[in-house]
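What the coordinates show
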Amino acid sequence: MGSFRFKLNRAGVGELLKSQEAANVCTEFANAIRDRCGEGYEVSTQVGGKTRSNASVMAVTVEARRENLENNTLEKAIR
């Protein structure tokens, strides 16, 4: 068996992490979490820290914030 050398293309990986496709995958997961939470939650997607795409789910209404504080709704929706 011959030796195999693998060299990671760091610039290519960086482009992939910041790509629209990566943002779409993040948004897909965030939307699934938001759907499990119910009303009053929103998804935000951005390229964070100049290195990768991010998506987050936030409680935006007073009722959703209260529910999240009392029941850990966002944490439970991730599982």
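Our structure's up above, just so we're on the same page.
Locating Val43 in the fold gives a position in strand E1 (residues 41-48). The exposure class assigned to Val43 is partly exposed, which follows from its relative accessible area of 24%. Measuring from C-alpha to C-alpha, the distance between Val43 and Asn54 comes to 10 Å, with 11 residues separating the pair along the chain. Excluding residues that lie within four positions of it along the chain, Val43 makes contacts with Ala30, Asn31, Arg34, Ser56 and Val57.

Scanning the model with the defined rule gives 2 salt bridges in all. One salt bridge connects Asp35 with Arg34, and the closest N-O pair in it is separated by 3.3 Å. Owing to a relative accessible area of 56%, Asp35 belongs among the exposed residues under this scheme. Two residues, Arg79 and Glu75, come together in a salt bridge whose shortest N-O distance is 3.3 Å. For Arg79, a relative accessible area of 72% gives the class exposed.

Calculation criteria
- Residues numbered from 1 in each chain as written.
- Predicted model: local features only at pLDDT ≥ 70, side-chain atom pairs only at ≥ 80, totals over all residues.
- Heavy atoms only, no water.
- Helix = DSSP H or I, 4+ residues; strand = E, 2+ residues; numbered from the N terminus.
- Buried < 20%, exposed > 50% of the residue type's maximum accessible area, 1.4 Å probe, protein only.
- Contact = heavy atoms within 4.5 Å.
- Salt bridge = Lys/Arg side-chain N within 4 Å of Asp/Glu carboxyl O.

What is shown is where atoms sit, not what they do.
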